Structure formats: structure tokens, C-alpha cells
Amino acid sequence: MRDLLPHERLQATSALQQVAPSHHCSWDAGTRARGKATALWLYPELSNGHFAPEVVGRKDRSAPAVIMRQVPTPDIRTTSIGNAQLALTSPALTVPDMARWHGVAHSVNCGEILVARGLATQEEIAELANLRRFAHGSQQAIETVGLINGLSESFREAEVKNALTRQGFTVWYQQAAVLTAQGRQIARVDFLFPHQSVVLEYDGKGKTRGQFGTESDTSVADERERERILVSEGLRVVRVTVATFHTDEWVDQRTRALKENERREFPTHQWREARP
């Protein structure tokens, strides 16, 4: 957007705040898409709640209802939200700027989904982050680029990945394919720790309430059978739920599993690394 006049700021705030509260995030309860350009690119999958729109303009003209940001005009895109046409930063530019302004965790979460949806590529995000290398917060943008691979299937899975990174874990593989000893693929797991034969799985709503037209009872039964096969192949499965994620119980469960399974290497011929 161009620099807004006072009455236009009020109109923009009203319009954007009417869009956000009426739509709920379809990934996981409590997940927030920050309500900025990222949330609007992913519309209508927004969390509830109001937000202060961030628009192009002079920072000294910011107000509680609207935050002014300086961004290059070549990276402005137009998208439709209902009957409205909104000018937003491009999805690729939104990620490094979000990292600079709001921190690594939220930008990685949203960047993962934008890449997975094909709205941006890792290369585009990296290029624009590099152009910001002399800007305030550029180190956070660079760190974000290194964590985005487009493999997260939900915001929560991206948050789990963020947590693993912050906790210093490096040898794990996201969305790795697991095979039987005969070479048949039996599952694609959220996170595999091959040196300890441990699998970390996030239980989103789809695994317990049904997805893609599958009844909830069928989904639960399929997931139990999937876990049984993983265990029979020698893997220990740690499940992360919404409840255990918020209480950090999953961290203790994962730590205990890794310690107890130390040096129990999963055979290299029974898994394959995912390619973004």
C-alpha cells in the first residue's frame, strides 16, 4: 500500500480486522498466523483475534491501530480477499521481513506453509533475505532461511521443528520414509532420529478426527495400525499432542526415549530422507 492518510488508516484497520476474526485456523487450535501479510496470503485459514495491519509508509506515522513499515515497492503483490483487492508484500518477502520484525519462530512457521503451498520458494526467500543483509534484524532473516524446507504439514509441526532446533538437536530427519526389511515403504514419519531408532509424531486433528473424507474411527484405527508396524520394525514412537506440546511433556518423553535407545541405530537401508 502507499502511505495512508489518517482516514484511510481507519478504513484499512476496519476492513482487515473484519476479515480476520471471522475465520479460524484449520491447522491446530491456538495456532496464530500473526494476522499480517502471511495470514492474508493464507486466507481464509486464519486464527481468530484482532491484529494491527502493517502497511507501507513512514515508521514515524505509525499508530496503535496501524503499523507503518518501509518495504521496496517491486515486491508488492495484489490479492483478493472476498470482494476486496489488497496490496501485500510478496509471500517470499513477507518471510524475512517477518523474521526481522517478529522473530525466527513465527517466520519459520509461516514460511514453511507458504513454501509447502507453492506460494514461495526457498530460493526466493533466500534471495530476498540476502538483499536485507544490511537491514535491522537481518541475522534473524538468515537464520529463518536455514530452517525452511517446506516439509512441515502444519503450523504445529513447524513449531516442533523450531523447538528441536532451539534445543540443539541436529541429527533428525523430517518426513523421512520408513521401509520394511524387505524394502516396502510403510510410513512417512514427521521426525526420525535414526541413531536412536526413535520417531516423533505430531498428532494433529486429522489423525484423530478424520481427514480427506475418512471417518474419525477409521483414522484412529489406521494410525494405530501404522504405529504397530513401526514398532514391529524396531522403532520407538513418541507422540506429541496439543496438550503435551503446551506443557512440554513431549520434551521429557523425547529425551527419555533418546536416552534409553542410545546407540540403537535404525538400519540405513530401511529409511530414506525426504526431498523438499
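For the structure, see preceding data.
J.: Which residues make up the sheet that holds strand β5 (residues 173-179), and what values do they have?
T.: The strand order β8-β7-β6-β5-β9 describes an open sheet built from five strands, whose pairing is mixed. Edge positions in the open sheet fall to β8 (236-240) and β9 (271-272), since each of these has one partner strand only. Sheet analysis places β5 next to strand β6 (residues 185-193), joined by six bridges and oriented antiparallel. In the sheet register, L179 faces β6, and the bridge partner there is Q185. The strands that helix α9 (residues 216-232) touches are β5, β6, β7 (198-202) and β8; relative to β6, the one it contacts most, it runs at about 80 degrees.

J.: Explain the packing of helix α3 (residues 91-102) against helix α5 (residues 122-131) to me, and be specific about the residues and the numbers.
T.: Axes are the key here: two packed helices are described by the angle between their axes and the distance separating the axes. Relative to each other, α3 and α5 sit at 50 degrees, their axes nearing to 8 Å. It follows from the interaxial angle that α3 and α5 lie oblique. As α3 runs across α5, the sense of the crossing is right-handed. Residues A92, L93, V95 and P96 of α3 touch α5, and the partners they reach there are E124, I125, L128 and A129. Split into classes, the residues belonging to the contact of α3 with α5 amount to seven nonpolar, no polar and one charged.

J.: Give me the lowdown on helix α7 (residues 155-166), citing residues and values where you can.
T.: For α7, spanning 12 residues, the distance from its first C-alpha to its last is 16 Å, which sits close to the expected 16 Å at 1.5 Å a residue. The element α7 is extensively covered by neighbouring structure, given that 10 of its 12 residues are classed as buried. For α7, every residue scored as buried is listed here: F155, R156, E157, A158, E159, V160, K161, N162, A163 and L164. One or two positions beyond α7, positive phi appears at G168, with a value near 90 degrees.

J.: Help me get a handle on the side chain of R254, residues and values and all.
T.: Mapped onto the elements of the fold, R254 is located in helix α11 (residues 249-260). In this structure R254 is buried but unpaired, with D252 as the nearest side chain of opposite charge at 7.2 Å. The residues touching R254, leaving out its near neighbours within four places in the chain, are L164, Q167, F169, F193, L200 and V238.

J.: Which residues make up the nonpolar core, and what values go with them?
T.: Ranked by size, the top nonpolar core spans 16 residues in total, and within it V160, L164, F191, F193, L200, V240 and W250 carry the most contacts. Elements supplying a minimum of two residues to this core: α7, β6, β7, β8 and α11. If you tally residues by element for this core, the top one is α11, at four residues. When near neighbours in sequence (up to four residues on either side) are disregarded, W250 contacts V160, A163, L164, Q167, L200, V240, T244 and F245.

J.: Tell me about unusual backbone geometry, residues and numbers included.
T.: At Q175, a residue that is not glycine, the phi angle is positive and equals roughly 55 degrees. Looking at where Q175 falls in the secondary structure, it is placed in strand β5. Overall, Q175 belongs to the buried group, its relative accessible area being 4%. Positive phi outside glycine occurs at D248, with the angle close to 70 degrees. Looking at where D248 falls in the secondary structure, it is placed in the loop between α10 (242-247) and α11.

Each value, and the rule that gives it
Residues numbered from 1 in each chain as written. Predicted model: local features only at pLDDT ≥ 70, side-chain atom pairs only at ≥ 80, totals over all residues. Heavy atoms only, no water. Pairing = 2+ DSSP bridges. Helix = DSSP H or I, 4+ residues; strand = E, 2+ residues; numbered from the N terminus. Contact = heavy atoms within 4.5 Å. Axes fitted to C-alpha atoms, helices over the stretch in contact; angles between N-to-C directions. Parallel < 35°, antiparallel > 145°, perpendicular 65-115°, else oblique. Left-handed = near helix turned anticlockwise from the far one by under 90°. Nonpolar A, V, L, I, M, F, W, Y, C, P; charged D, E, K, R; others polar. Expected span 1.5 Å × (residues − 1). Buried < 20%, exposed > 50% of the residue type's maximum accessible area, 1.4 Å probe, protein only. Lys, Arg positive; Asp, Glu negative; His and termini not counted. Salt bridge = Lys/Arg side-chain N within 4 Å of Asp/Glu carboxyl O. Core = buried A, V, L, I, M, F, W, Y, C linked by side-chain atoms within 4.5 Å.

This is a description of form; function is not addressed.
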